[in-house]
Each structure stands twice: as structure tokens, then as C-alpha cells.
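Secondary and tertiary structure notes
Chain residues, written in single-letter form:
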Amino acid sequence: MIYLVLSVTFFFKLLSFFVYLFHISFSLSPSSRNKQRDTMFFSKDLPSPTSFFTAYASLAGYMMMIRSMAHQLIPGPVQDLIYSSLRSLFFSSNSTTLTLTIDDDNMGMHNDIYRAAQTYLSTKISPDAARLRISKGHRDKHANLYLSDGETVNDVYQDVELKWRFVTDRGDKKGDDDRGSEYFELSFDKKHKDLILNSYVPHIESKAKEIRDERRILMLHSLNSLRWDSVILEHPSTFKTIAMEDELKRDVMEDLDRFIRRKDYYKKVGKAWKRGYLLYGPPGTGKSSLVAAMANYLKFDVYDLQLASVMRDSDLRRLLLATRNRSILVIEDIDCAVDFPNRLEQQQPGEGKNPGDSQPPLTLSGLLNFIDGLWSSCGDEQIIIFTTNHKDKLDPTLLRPGRMDMHIYMGHCTFQGFKTLASNYLGLSDTTMPHRLYSEIERLMDGEVITPAQVAEELMKSEDADVALEGLVNALEEMRFKSDESSQVMKNKKESRVEMDEDHEKRLRRDTEGSPRKSSKRIKKLVLFWT
């Protein structure tokens with residue numbers, strides 16, 4: 001508005017100046033005018049520069065006085081009408097450019113489009129930018145650059161040229177702490193309005209999500225006095241480095257991808273946007289490593305819940321409601337983490353209960369209610385993982401369909417898993433020239449012999465591939481021998497038990513052939529003995 005007033009003022013000053021020149025030129029005598037025409041601006045009858053500056057100063061003073069009077073006497077709406085009329089008079093209104101304003105404040109709430117645009121444009125900043133802002137959050141890996149006031153960014157989407165501009169409107173506020181309002185201006189041709197709103201804006205939101213995931217630092221949350229304490233999750237496990245069968249890896253990754261992209265599907269079928277996984281198998285088979293690989297793959301935080309530290313359903317509910325979206329809730333060793341039946345038995349009337357304690361204890365139903373009950377709708381895009389070494393010991397209610405959607409068996413190390421570990425620890429690859437000991441290792445690993453954790457322990461003993469693999473072969477031979485020896489012992493025990501049963505049967509048969517009384521007494525003694 002100020003620039004418009006100054007422009008109009010300058011126009012009138014310039015017009016008055018030309019009128020003054022016209023008046024001076026016609027106030028001269030005819031001979032002087034002829035002489036002026038011949039000598040142009042070199043005539044000595046032309047007014048001096050002092051006269052020009054005097055006329056300009058007088059005109060400026062009059063205009064300032066008129067403007068001050070106009071501000072005091074003319075109401076604000078009338079002034080706006082005059083300004084708009086002048087704007088339409090001097091500036092053509094036939095522009096084909098449409099400008100969208102994207103403000104951070106959305107009716108008292110944060111505007112998601114503003115944040116998406118801020119993140120998206122941080123990757124589009126021109127190297128010629130003269131002024132930028134820099135910031136780094138506690139969940140960011142590196143410092144990030146953002147546009148400063150007045151800086152612009154040009155973008156192209158489907159051959160449509162767009163111009164972004166960041167504006168900071170401080171108004172009349174004068175303080176370092178009061179930043180005023182901040183917004184983006186997006187300008188483009190009006191005919192592309194539908195394309196921008198229906199395609200370009202969703203494109204920005206999608207790209208911004210990818211950028212935030214890439215910059216994001218994963219956090220591991222653990223329980224401490226019924227509060228979540230957080231540390232940075234820097235576990236290096238990925239699906240590329242974990243010792244699993246390739247087919248099982250693909251199945252898990254495809255299931256995760258399907259879960260992430262089916263938000264609308266879960267809403268359509270009336271199901272909470274959550275997914276449950278049960279990881280079971282012997283210790284040392286990589287269950288915790290698979291959890292970390294899933295977190296790194298999805299860029300999800302991990303909440304490690306120890307049920308032994310939770311005493312009531314109300315505490316469990318408060319903890320679970322404090323978890324964020326896009327996270328993984330892990331309950332390790334669910335079969336021995338807490339004994340639900342014992343707790344229920346202890347909670348008899350008048351036993352194990354403080355007089356002032358009216359809260360119900362932790363129950364299995366309280367946990368299941370969060371998995372697929374009414375409380376399951378609190379939170380979106382969450383994954384729940386249970387781990388156990390003994391699947392057969394779990395309560396059947398935990399295993400019914402709809403709770404643990406995918407059961408993943410983490411068994412002993414296979415030869416395919418060994419090759420992955422050999423590539424990770426020793427840098428070996430079987431694509432060009434397999435190691436000379438690979439065939440021997442494959443023979444010795446047939447069956448359930450060794451776990452991935454034991455293989456990794458052997459491979460870390462030496463950086464020399466030959467030494468490390470020879471040590472692994474010796475360990476496999478020893479484990480294979482112990483396994484065969486234990487199986488032979490079990491076989492001998494079984495055979496000896498069968499022989500003992502046959503001897504006792506013969507004795508009973510021989511005793512029954514004697515007197516009935518003696519036979520009955522002996523039978524009774526034998527029965528008591530065996531009992």
C-alpha cells in the first residue's frame with residue numbers, strides 16, 4: 001500500500017514538473033522561443049537548476065500536506081476504495097497468475113501443507129540464494145536449510161512453472177521475540193489450478209514425508225517408573241545383513257509394504273491400522289535383530305515394553321496411549337514376561353491387596369484389549385511384535401486370528417544364512433569363487449545344529465577368512481558329535497527301558513504259575529514296588 005501511494009505521489013510530482021516546464025517555455029518571448037528551438041537545452045533563457053529544485057520541493061511539500069490531511073479526514077474504507085481504484089487504473093487486472101497463500105496457522109492448529117512445503121522446498125533451494133535459515137532438531141541427523149524472508153524458489157511440475165516465495169509479515173511488532181506471521185506464496189497460471197490442488201499439493205506432501213523419514217533419527221523408548229525414557233536407536237541390523245532365508249525376507253518386507261500403503265483399506269473394512277507379528281524360535285536365532293531391521297526399514301520408533309514392571313491395566317493403558325504413531329511396540333519373551341494366571345489368583349478378596357488400592361491388576365484381557373479391542377483404535381500405523389522361545393507355552397487367546405497376523409519362525413542357521421553372515425563379517429562372496437570350506441560347512445550345517453548367534457561368534461574370532469572358517473568347521477564338528485552322542489545315549493536309554501519292561505513281564509508270568517496265594521502276594525509286592 002505504501003509503495004502504491006509513493007508511486008501515485010511521484011506521478012503527480014512528475015506531472016506538475018512537466019506543467020511547470022510548459023509554463024516556463026510559453027512565458028518566454030517569441031524570439032527567445034525561436035532561439036531555444038535552435039539551441040535546444042543550451043539556451044541561456046532555460047531556467048536554472050535551482051528553479052527546478054525549488055519547484056520540486058514546493059510540490060513535494062504540498063503533496064505531503066495533502067496526504068496527511070487525507071489520512072485524517074478521509075475514513076479508512078474510503079481510502080481503500082480510492083487505492084483500489086488507483087490500482088485498477090495504473091495496474092492491469094487482466095493478469096493470468098494465481099497466488100496461493102500457505103500459512104502456518106490453520107484455525108489455531110498447525111497447517112500440514114505449510115510444514116510439507118517447508119520440508120520440500122528445503123531441497124529445492126538455489127545455490128544463488130543470498131539469505132537462508134538454518135536449524136537442527138533433536139530428531140534430525142544434520143542441520144537443515146530453509147528459506148528466509150523474501151527468498152524465492154522456482155519449481156516445475158508436469159511442465160508447469162511454479163514460483164514459491166517465503167514471506168515474514170512482522171506488521172507493527174518491534175521485538176526480537178515476536179516473529180510475526182510467516183507464510184509461503186505459490187504463484188502459477190490460473191488455468192493449472194486443478195492440477196496444482198489435486199496433484200501437485202499431494203505430491204509435495206508425499207515427497208516431504210520421504211524427506212522427513214530420511215532425515216529422521218530413530219528412537220528406542222524403554223520403560224522407567226511408568227514413563228517412557230528415550231535414547232537414539234543406532235542398531236545396524238537391516239534385511240540385507242540379517243541371517244534369514246531370502247524367501248522369508250521377501251515375505252516379511254512385502255507384508256510390511258502392504259501394511260503401510262493400505263491405510264484407506266483398513267479404514268474401509270473397519271479395522272484399526274495395526275499389524276501383529278509373532279517371532280518364535282530358540283534363543284540366538286535373530287528375533288531382536290529382525291525387530292531392529294523392521295524398524296530401520298520402516299523408519300519407525302521402537303517401544304520396548306517390560307510387562308513385569310506394569311502392575312495394573314490402567315497403567316498399561318496409560319503407557320500404550322503415550323506411544324506415537326509410526327512405531328513398533330515390542331514385548332519380548334511374552335511367555336515368561338508375566339504370569340497372568342498367578343496374578344489373578346493372588347488378587348483374591350482380602351489377599352495381596354492394599355486396603356486403599358481399588359485398581360484391578362494387570363490382566364491378559366487388558367493387553368488383548370489394546371491389540372484388537374476398543375482401545376486398539378487409539379493410534380495409527382503401529383506394529384505390535386511378540387517374541388517367545390516356546391510358542392507352545394503361549395495362551396491360545398494370543399494366537400487366535402486377528403491378533404498376531406503373521407507368525408515367523410526364527411530357526412537355526414541355514415547355509416543361506418551363513419553366507420550372509422560370511423559376507424557381513426569376512427567380506428566373502430560366493431558369486432565369483434566360493435571358499436574351499438563352503439561345501440564342508442554346508443554338509444555340517446544340515447539340520448538344527450547351530451544358531452546364527454553362534455556362527456557370528458565364531459566368525460568374529462579372526463579377520464582372516466581361512467582361520468575363521470576353519471574355526472567354524474571345528475565348532476560344527478564338535479556340535480555335530482555332541483548331538484550324535486546325545487541322540488545315541490537317548491537311544492540306549494530307550495532300549496534299556498524296553499529290556500527292563502520285558503524282564504519284569506517275565507517275572508510276573510513266572511510268579512503267576514506258582515500257588516495262587518504266593519502269586520497274589522508277589523503280584524501285590526511288585527505292584528507296590530512299581531507304584
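Residues numbered from 1 in each chain as written. Predicted model: local features only at pLDDT ≥ 70, side-chain atom pairs only at ≥ 80, totals over all residues. Heavy atoms only, no water.

All right, on to the packing of aromatic side chains then. This structure, assessed with the given rule, holds 14 aromatic pairs. Chaining the aromatic ring pairs together yields one cluster made of Tyr114, Tyr157, Trp164, Phe166, Phe184 and Tyr200. The ring of tyrosine 265 is capped by arginine 262, whose NZ or CZ atom sits 3.9 Å from the centre of that ring. (Phe/Tyr/Trp six-rings, centres within 6.5 Å; stacked < 30°, edge-to-face > 60°. Lys NZ or Arg CZ within 6 Å of the ring centre and 35° of its normal.)

Okay, unusual backbone geometry next. Notably, aspartate 159 is not glycine yet its phi reads approximately 65°, a positive angle. Relative to the elements of secondary structure, aspartate 159 occurs in the loop between strand S6 (152–157) and strand S7 (160–169). Assessed through its relative accessible area of 75%, aspartate 159 is described here as exposed. Even without a glycine there, the phi angle at arginine 326 is positive, about 55°. (Helix = DSSP H or I, 4+ residues; strand = E, 2+ residues; numbered from the N terminus. Buried < 20%, exposed > 50% of the residue type's maximum accessible area, 1.4 Å probe, protein only.)

This part covers the packing of helix H5 (residues 112–121) against helix H6 (residues 193–215). Relative orientation of the contacting elements H5 and H6 amounts to 65°, with a least axis distance of 8 Å. Viewed along their axes, H5 and H6 form a crossing whose handedness is left-handed. Together, Ile113, Arg115, Ala116, Ala117, Thr119 and Tyr120 of H5 and Tyr200, Val201, His203, Ile204, Glu205, Lys207, Ala208, Ile211, Arg212 and Arg215 of H6 make up the contact between the two elements. Looking at the contact of H5 with H6 residue by residue, the class counts come to nine nonpolar, two polar and five charged. (Axes fitted to C-alpha atoms, helices over the stretch in contact; angles between N-to-C directions. Left-handed = near helix turned anticlockwise from the far one by under 90°. Contact = heavy atoms within 4.5 Å. Nonpolar A, V, L, I, M, F, W, Y, C, P; charged D, E, K, R; others polar.)

Here we take up the sheet that holds strand S15 (residues 406–409). Read from one edge of the open sheet, seven strands run S10-S9-S12-S13-S14-S11-S15, paired in mixed fashion. The two strands at the open ends of the sheet, each matched to only one other strand, are strand S10 (228–232) and S15. Shown here is a sheet whose adjacent strand axes are inclined to one another by a mean of 20°, direction ignored. Of the pairings in the sheet, the one linking strand S9 (residues 219–223) to strand S12 (residues 301–304) comprises three bridges and is parallel in character. Bridge pairing links serine 222 to aspartate 304 in S12. Relative to strand S14 (residues 382–388), helix H13 (residues 364–372) is tilted by about 140°, and along the sheet it contacts strand S11 (274–280), strand S13 (327–331) and S14. (Pairing = 2+ DSSP bridges.)

The next thing to look at is the sheet that holds strand S8 (residues 181–189). The sheet built from four strands is open, its strands ordered S1-S8-S7-S6 with antiparallel pairing. Because the sheet does not close on itself, it has two edges, and the strands there are strand S1 (97–103) and S6. On average, adjacent strands in this sheet sit at an angle of 25° to one another, irrespective of strand direction. With seven bridges connecting them, S1 and S8 associate as antiparallel partners. By the bridge assignment, aspartate 103 is partnered in S8 with tyrosine 183. Across the sheet, H5 lies against S1, S6, S7 and S8, angled at about 75° from S8, the strand it touches most.

This part is about the confidence of the model for the protein chain. Per-residue pLDDT for the protein chain has a mean of 77; in total, 69% of the residues score no lower than 70. In the model, residues 39–44 has pLDDT below 50 throughout and makes three contacts with residues more than four positions away in sequence or in other chains. A low-confidence stretch, residues 341–353 stays under pLDDT 50, and its non-local contacts, those more than four residues away or across chains, total 13 contacts. (pLDDT = per-residue confidence, 0-100.)

Right, let's talk about the side chain of serine 237 for a bit. Along the chain, serine 237 falls in the loop between S10 and helix H7 (246–260). Once residues lying within four places of it in the same chain are set aside, the contact partners of serine 237 are Ile242, Ser289, Ala292, Ala293 and Asn296.

Time to look at the packing of helix H15 (residues 415–426) against helix H17 (residues 452–459). For the pair H15 and H17, the least separation of the axes is 10 Å and the interaxial angle reads 35°. Regarding H15 and H17, the two cross each other, and that crossing is right-handed. On H17, the residues touching Phe418, Leu421, Ala422, Tyr425 and Leu426 of H15 are Pro452, Val455, Ala456 and Leu459. Its residues assigned to classes, the contact of H15 with H17 comprises nine nonpolar, no polar and no charged.

By size, the foremost hydrophobic cluster in this structure holds 27 residues, and its most contacted members are Leu290 and Ile383. Only H7, S11, helix H9 (287–298), S13, S14 and S15 provide two or more residues apiece to this core. In terms of residue count, H9 provides more of this core than any other element does, six residues in total. Contact partners of leucine 290, with chain neighbours within four places excluded, come to Phe239, Ile242, Met244, Leu279, Ile408 and Met410. (Core = buried A, V, L, I, M, F, W, Y, C linked by side-chain atoms within 4.5 Å.)

This part is about the environment of arginine 115. By secondary structure assignment, the location of arginine 115 is in helix H5. For arginine 115, a relative accessible area of 40% corresponds to the partly exposed category. Residues arginine 115 and aspartate 104, spaced 11 residues apart in sequence, show a C-alpha to C-alpha distance of 7.4 Å. The residues touching arginine 115, leaving out its near neighbours within four places in the chain, are His110 and Arg212.

Taking 1.5 Å of rise per residue, the 15 residues of H7 would be expected to cover 21 Å, and the 21 Å separating its terminal C-alpha atoms lies within 8% of that figure. Looking at H7, one finds that the buried residues are Lys249, Val252, Asp255, Leu256 and Phe259. The buried residues of H7 occupy an angular sector of 135° when the element is viewed end-on, so they sit on one face. Its buried side turned inward, H7 meets helix H8 (263–269), S11, H9, S14, S15 and H15. (Expected span 1.5 Å × (residues − 1). Arc of directions from axis to C-beta.)

Let us look at H9. Helix length check: H9 (12 residues) gives 17 Å between terminal C-alpha atoms against 16 Å at 1.5 Å per residue, within 8%. Burial within H9 is extensive, with nine of its 12 residues counted as buried. Residues Lys287, Leu290, Val291, Ala292, Ala293, Met294, Ala295, Asn296 and Leu298 constitute the buried set of H9. Close packing links the buried residues of H9 with H7, S11, S12, S13, S14 and S15. Looking at the residues trailing H9, positive phi occurs at lysine 299, about 60°.

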